[in-house]
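Structure assessment
Chain by chain, the residues:
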Amino acid sequence: MRVKVLSRSPEEYFRATKRDIHRIPRNFNPDLHPLEAPREYVRALNATKLERVFAKPFIRSLEGHRDAVHCMCRHPSSLSLVLSGACDGEVVLWSLSGKKVVSRVTAHQGFVRGVCISDSLSLAFSAGDDQLLKQWSLTKDGVLGTEPASVYSTQGPVTALDCSCDGTHLATGGDTVLLWSPERSEPLRRFEWGNDSHSAVKFSPVERHLVASCSGDRGVVLCDLRGAQPLKKVVLRMRSNAVCWSPTEAFILAVANDDYNVYSFDMRRLDMPLNIHKDHVAAVTCVDFSPTGRELCSGSVDKTVRLFSLVEGHSRDVYHTKRMQRLTAVLWSADDRYVISASDEMNIRLWKARAAEPLSILRWRQREALEYSASLRAKYASHPEIRRIARHRHVPKSIYHARQELHTVHEAAKKREKNRAAHSKDKKAPLPEKDNVVLEECE
Amino acid sequence: MEVKKSKKARYFAASESAIPASSAGAPLVVEVEPSLSTSIIEKSKKREARRSGQPQKQKRLDKRQGDGVLVARGRPDPFSGSHAPVPKEKLHKYSREKPSKGASSLVRMKDKALKNTLQLRQKKVSLAIQEAVRAEHLNTEDAGFLEGDVGEDTEDITQQAIAEFVDVASSQKHFELSLTQFGPYRVNYTRNGRFLLLGGERGHVAAIDWPTKRLLSEFNVMESVHDVKWLHVETMLAVAQKQWTYIYDQQGIELHCLKTLDRTLRLEFLPYHFLLAASNAAGFLSYLDISVGKKIAAFPTHLGRCDVMCQNPRNAVVHLGHPTGVVTLWSPNDSRPLVKMLCHGSALRAVAVDSRGTTMATAAVDRSLKVWDLRNYGCLGEFRLASAAAHLDFSQTGMLAAALGSYLEVFKSCSTVAELSQPYLTHRCWDSIANVQFCPFEDVLGVGHAKGFVSCLVPGAGEANFDALEANPYESRSQRRQREVKSLLDKIPAELIALEPSQVNSVQQTTEEQARPPSQRIPKVEFEPRFKKKGKSKASHEQARIQAVHERQRREFVQQSLSSKKGESKARPTAVLDRFRRQ
């Protein structure tokens, strides 16, 4: 007779001392792990619920402006420095990590229309309603000079200001798009297309010669500094308020439009947008790309900040507070963790880019758990219960109702188009919405 | 729960169902980093080369060939790469989906981005399976076995012989408790096999830490006890008494009196759902959620007194055996049985489902033992026992124990009739056996009989390597508390109990019949058979008549549709050369 009976030695399974961790022998035989799928589903459901519980995006409000904030820019090389210009002509440099004003200076009479920072020249620029373009010295610690380093006349009203990624050129919007060199008091170049003024100007962060601007005749104009004439112009149905470039894909740009939508375009094919980002219920005033180029944040007159994925049509999150008024500027921080918004009621607000993300340094096990729950949520994202919980956002009543109303209007229009097509002679199906965005594309 | 999804989502779900849950599957991806050891070896080689004055020619000879095989001096490295080869037959054990399905659907896929994502996912799944196979090397224990000498059958080997032969620790696992006053005894082990619960029909309840033979508590409920069950932790136990069902704690203090479960005969605890299923003398099956103390469902079986019950551990479906020879499968979501199987011509005595949930064994008063495949509900084999089995139980490794009066028989496997005709082990108890249960993760079979309890050694019955995150026999108190919290967080809602547990990961698919336009569907006509005398309205006869009517209708419909198709094809003019046309 040969016999063996299971006989485990307990010493191999108990921990040696109390300070040891417990021994966890594993056996991955699926028979020992029944009901895998439902258990995983329950975990995904719990992870989704917890994600909503921990979604507290608002970090703090930065107070210090004495009038509505009108424009904002982030420091090209410092994560915590943000420069903002207000409607009373004041320019303030903020430290986000210190949550305080680093330096402030009354730069202009009337609105500050644009601010930007050139890292290579250690200069900050501001342009205002007094038709002046001022340069300010800026130290590494973020101290602005009390007196401007130099002052140039813009020879006309300015509405926007931006500086190229290498810091060697400036562009201002106004009656025309003007190109400036910091060393010269006269503009280098002048770009014109039509007679209307330009409300926003943005340099591409990748291609330093590319500038996009929004013109008052509902157009978005692209200029190459090396060319004699502007490159392209695309005319939308309504006026665009802001434009920004993708920091990773040089040919992608996003436009904040008055028709409540944000449009992302591929520069090579401007006849139709890449995507229509809906959900705002009033004109969108500002837009910014995340440093990954995969996401967008936008601020609107409807007093909300919305975060969009570049490839999706609807926002993945909406941020609002009771006191936040119309948004004037939004920024996505360079470390992809924060969103900064400036609004009409004099405050700058700091938000988390991912609402449920913990801000502290995580232990390995915490990070593991978060990653596990994130992948569970992704895996079960299309289950109705989980999708419902993940999508639910509380928004103010006015916005909720406005969205419903817009939805009704949209559906009615769709139905009308469909009916019209059905009863027309050629029975042509109505065009998809994307095809109706661009009115005209000019070369 | 069935979910309708987009095409994209469906592909995701289909491929992801193979990725195991973290506690349930995903092994640690152990990548052997060769850098340190190889760098040391290389250094020492260089040193040697320098000493012997050889120029470093060898370095030039070492070349990585196309598929990453390192070739030194013309000989390939036998240990190429960081991963050891995996035997193919073992991959099957850990894979959760049929392999052919996913691969073929990807070939035809047009969306490149989606295809890439899915291919990546498939790679991850196959890597996880490979790593699970490799992790088998880390299993420390080997399963037990029993082999007789030449000409000696294992069934002739007595418990005493085994106990004398094995080591001292194992021999102490064979013991007998003589409890002559309050029997017959019901037996229940905890899920980790550490604690034993005995319930004597005349009121005696005892909770024992059986490996150390420490009595946790012992009390008499002064009422008849029909069944005892451990709940999710060893501090709570449920006792089905004469009128109500009670929950006691480890010390025998009454925690709850569940008046919603009355006259209970059998209890089953569904550990992942925190449900206590109870069948009672009136033929009701009730489900009680013990985490909130609420009765969530109760159904009349309409099949009489219900004292044969077991659960399918794979999908938490409760199997009931009835005096009519019918086995019914129940979930709390349906007031009618999910499946009704006529298994025997006479009253059922015992039902058992194996740990994989694919095989069911049933025994009836006519001494027959039948084995069923639960995937297609077909009978795998029928066998006639020496006497009617009062109780059946499967071990983790698929052994089947049958209580035949005072005689105990253990079959090594029940896949063939030959295996059933030759018992693996036998044992004779003092009195008729009431209840048997294999102890999880041990080679032990607990036998409760009219005059006490016997713990028998059955080599090879238990799973050798336990998973401590699932059931840990060496659990400490803090670990138990943590497990309780975590399992409560992972509590599966009762709505998800279905025959196919992975249904939650699958996409609702329309049948061929549903996919047809309504005009082409086979019409369903309600047919109520007229009552006929002389026993011609027996249930079976009535069913046969209904079937016949439906079958006739179906046939007529198909014939009609075929003839109309034929008419269409005839109407087409045929040319002489049509025969060469490609079909």
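Calculation criteria
Throughout, residues of each chain are indexed from 1 in the direction in which the sequence is written. To read the labels, note that chains go from A and ligands from 1, taken in the order they are written. pLDDT decides what is reported in this predicted model: residues at 70 or higher carry local features, side-chain atom pairs at 80 or more are listed and counted, and totals for whole chains, interfaces and linings draw on all residues regardless. Only hydrogens and water are set aside when side-chain values are computed; all heavy atoms of the structure are taken into account. Starting at the N terminus, helices and strands are each numbered in turn, a helix being any DSSP run of H or I of at least four residues and a strand any DSSP run of E of at least two. Any two residues having at least one pair of non-hydrogen atoms within 4.5 Å are treated as being in contact. The charged-residue count follows a simple rule in which Lys and Arg add positive charge and Asp and Glu add negative charge, with His and chain termini not counted at all. For this purpose, a charge sits on NZ of Lys, CZ of Arg, CG of Asp or CD of Glu. Remark: exposure states derive from per-residue accessible area (1.4 Å probe, protein chains only) relative to the maximum for the residue type, with buried under 20%, exposed over 50%, and partly exposed in between. Here the open area of atoms and residues is found with the Shrake-Rupley method and a 1.4 Å probe, where only the protein chains shown may cover a residue. As used here, buried area is the combined drop in accessible area, with a 1.4 Å probe, of two parts when they are placed together. Whenever Lys or Arg places a side-chain nitrogen within 4 Å of a carboxyl oxygen from Asp or Glu, that contact is recorded as a salt bridge. Polar contact is the term for a pair of N or O atoms within 3.5 Å; when the atoms are in protein, one must be able to donate a hydrogen and the other to accept it, and sequence-neighboring residues count only if both atoms are side-chain atoms. For this classification, the nonpolar set comprises Ala, Val, Leu, Ile, Met, Phe, Trp, Tyr, Cys and Pro, the charged set comprises Asp, Glu, Lys and Arg, and every other residue, Gly included, is treated as polar. A pair of strands is labelled paired if DSSP reports no fewer than 2 bridges between them. Axis angles are defined between N-to-C directions and span 0 to 180 degrees, where every axis is a line fitted to C-alpha atoms and, for a helix, only to the segment in contact. Multiplying 1.5 Å by the helix residue count minus one yields the expected span of that helix. Classification of ring pairs uses Phe, Tyr and Trp, with its six-membered ring standing for Trp, and accepts pairs whose centres are within 6.5 Å; under 30 degrees between planes counts as stacked, over 60 as edge-to-face, and the remaining range as tilted. A ring is considered to have a charge above it if a Lys NZ or an Arg CZ atom is located within 6 Å of its centre and within 35 degrees of its normal. Remark: nonpolar core denotes a set of buried residues (Ala, Val, Leu, Ile, Met, Phe, Trp, Tyr, Cys) joined through side-chain atoms within 4.5 Å. Residues enter a patch when their relative accessible area is above 30% and they make no salt bridge; the linking distance is 9 Å between like charges and 5 Å between nonpolar side chains (Val, Leu, Ile, Met, Phe, Trp, Tyr). The quantity called pLDDT is the predictor's confidence in a given residue, expressed from 0 to 100.

Within chain A one finds four helices and 30 strands. Seen along its three principal axes, the alpha-carbon backbone of chain A occupies a region of about 105 × 70 × 40 Å. The contacts in chain A between residues at least 6 apart in sequence include a share of 49% that link residues at least 24 apart. In chain A, the 67 positive side-chain charges and the 54 negative ones have mean positions that sit 9 Å from each other.

What follows concerns the overall build of chain B. When helices and strands are counted, chain B shows 12 helices and 32 strands. For chain B, buried positions account for 45% of its 583 residues. In chain B, of all internal contacts separated by at least 6 residues, the share reaching a separation of at least 24 is 47%. Total accessible area on chain B is roughly 32200 Å²; 52% of this is exposed by carbon and sulfur atoms.

On to the interface of chain A and chain B, then. Accessible area lost when the parts come together is the quantity often used to give the size of an interface. Between chain A and chain B, the contact holds 41 residues from the first and 78 residues from the second. Roughly 5500 Å² is buried in total at the junction of chain A and chain B, and carbon and sulfur atoms are behind 56% of that figure. For the pair chain A and chain B, the number of links is seven salt bridges. Salt-bridge contacts for B:Arg96 lead to A:Glu36; the nearest nitrogen and oxygen are separated by 2.5 Å. Between chain A and chain B we count 26 residue pairs in polar contact (both at pLDDT 80 or more) in total. Among the elements of the structure, strand 1 (2-4), helix 1 (36-53) and helix 2 (364-379) of chain A are those that each provide at least two residues to the side of chain A that touches chain B. Per-element accounting of the side of chain A that touches chain B gives the leading share, nine residues, to helix 1 of chain A. Its residues assigned to classes, the side of chain A that touches chain B shows 21 nonpolar, eight polar and 12 charged.

This next bit is on unusual backbone geometry. In this structure, B:Pro184 follows B:Gly183 across a cis peptide bond, with omega equal to -10°. Looking at where B:Pro184 falls in the secondary structure, it is placed in the loop between strand 5 (175-178) and strand 6 (185-189). Even without being a glycine, A:Asp336 presents a positive backbone phi close to 65°. On the secondary structure map, A:Asp336 appears in the loop between strand 27 (327-332) and strand 28 (338-343).

Moving on to the sheet that holds strand 9 (residues 132-137) of chain A. Residues and elements named next belong to chain A. In space, the four strands of this open sheet follow the order 7-8-9-10, with antiparallel pairing throughout. One side of each edge strand has no neighbouring strand; the edge strands of this open sheet are strand 7 (112-118) and strand 10 (150-153). Each adjacent strand pair in this sheet contributes to an overall mean axis angle of 15°, direction not counted. Examined bridge by bridge, strand 9 and strand 10 share four bridges and lie antiparallel to one another.

A few words now on helix 1 of chain A. Since one α-helical turn is 3.6 residues long, residues separated by three or four positions face the same way. The terminal C-alpha atoms of helix 1 of chain A, which comprises 18 residues, lie 25 Å apart, in line with the 26 Å expected from a rise of 1.5 Å per residue. Residues A:Glu36, A:Ala37, A:Pro38, A:Arg39, A:Glu40, A:Tyr41, A:Val42, A:Arg43, A:Ala44, A:Leu45, A:Ala47 and A:Thr48 constitute the buried set of helix 1 of chain A. Elements that come into contact with the buried residues of helix 1 of chain A comprise helix 2 and helix 3 (384-391) of chain A together with helix 10 (477-489) of chain B.

Let us now look at the sheet that holds strand 25 (residues 378-384) of chain B. Residues and elements named next belong to chain B. The strand order 22-23-24-25 describes an open sheet built from four strands, whose pairing is antiparallel. In this open sheet, the two strands that pair with only one neighbour each are strand 22 (348-353) and strand 25. Across the sheet, the mean angle separating the axes of adjacent strands is 15° when strand polarity is ignored. For strand 23 (residues 359-364) and strand 24 (residues 368-373), the ladder comprises five bridges, and the chain directions are antiparallel. By the bridge assignment for strand 24, threonine 362 is matched with lysine 370.

What follows deals with the environment of A:Glu40. Residues and elements named next belong to chain A. By secondary structure assignment, the location of glutamate 40 is in helix 1. By relative accessible area, glutamate 40 is classed as buried at 4%. Of note is the side chain of glutamate 40, whose polar atom sits 2.7 Å from the side chain of lysine 379.

Let's shift gears to the packing of aromatic side chains. Evaluation of the coordinates by the stated rule reveals 17 aromatic pairs over all chains. Between A:Tyr263 and A:Phe265, the aromatic rings sit 6.5 Å apart at their centres with planes inclined by 45°, giving tilted as the arrangement. No difference in accessibility class separates A:Tyr263 from A:Phe265, as the two residues are buried. Aromatic ring contacts, followed pair by pair, group A:Tyr13, A:Phe14, B:Phe441, B:Phe466 and B:Tyr474 into a single cluster. Here A:Arg268 stacks its cationic end above the ring of A:Phe251, 3.8 Å away from the centre of that ring.

Quick look at the nonpolar core now. The biggest cluster of nonpolar side chains holds 43 residues, and the ones touching the most others in it are B:Leu285, B:Tyr287, B:Val318 and B:Met360. With five residues, the top contributor of residues to this core is helix 1 of chain A. With near-sequence residues (within four places) excluded, B:Leu285 lies in contact with B:Ala277, B:Ala278, B:Ser279, B:Ala297, B:Ala298, B:Phe299, B:Met309, B:Val318, B:Leu320 and B:Trp330. B:Val187, B:Val436, B:Leu445 and B:Val454 belong to the second largest nonpolar core, which has 39 residues in total.

With that out of the way, let us pick up a negative patch on the surface. Residues and elements named next belong to chain B. On the surface, Asp149, Glu152, Asp153 and Asp156 cluster together into a negatively charged patch. Topologically, aspartate 153 is positioned in the loop between strand 4 (145-147) and helix 7 (159-165). With relative accessibility at 36%, the residue aspartate 153 sits in the partly exposed group.

Turning to the confidence of the model for chain B, a few remarks are in order. Residues and elements named next belong to chain B. Taken as a whole, chain B shows an average pLDDT of 84; of its residues, 83% reach a score of 70 or greater. Here residues 1-41 scores under 50 on pLDDT; set against residues more than four positions off or in separate chains, the count is 87 contacts. Every residue in residues 55-68 is under pLDDT 50, and counting partners more than four places away or in other chains gives 13 contacts. Confidence estimates for the predicted assembly give a pTM of 0.83 and an ipTM of 0.84.

This part takes up the pairing of strand 7 of chain A. Both faces of the sheet carry side chains from a regular strand, because those side chains alternate between them. All names here are of chain A. In terms of burial, strand 7 is largely enclosed, as six of its seven residues are buried. As judged from the six bridges shared by strand 7 and strand 8 (residues 123-128), these two strands associate in the antiparallel manner. Within strand 8, the position partnered with valine 112 by the bridge is glycine 128. Counted along the chain from strand 7 to the antiparallel partner strand 8, the turn is four residues long, and its residue serine 122 has a positive phi close to 50°.

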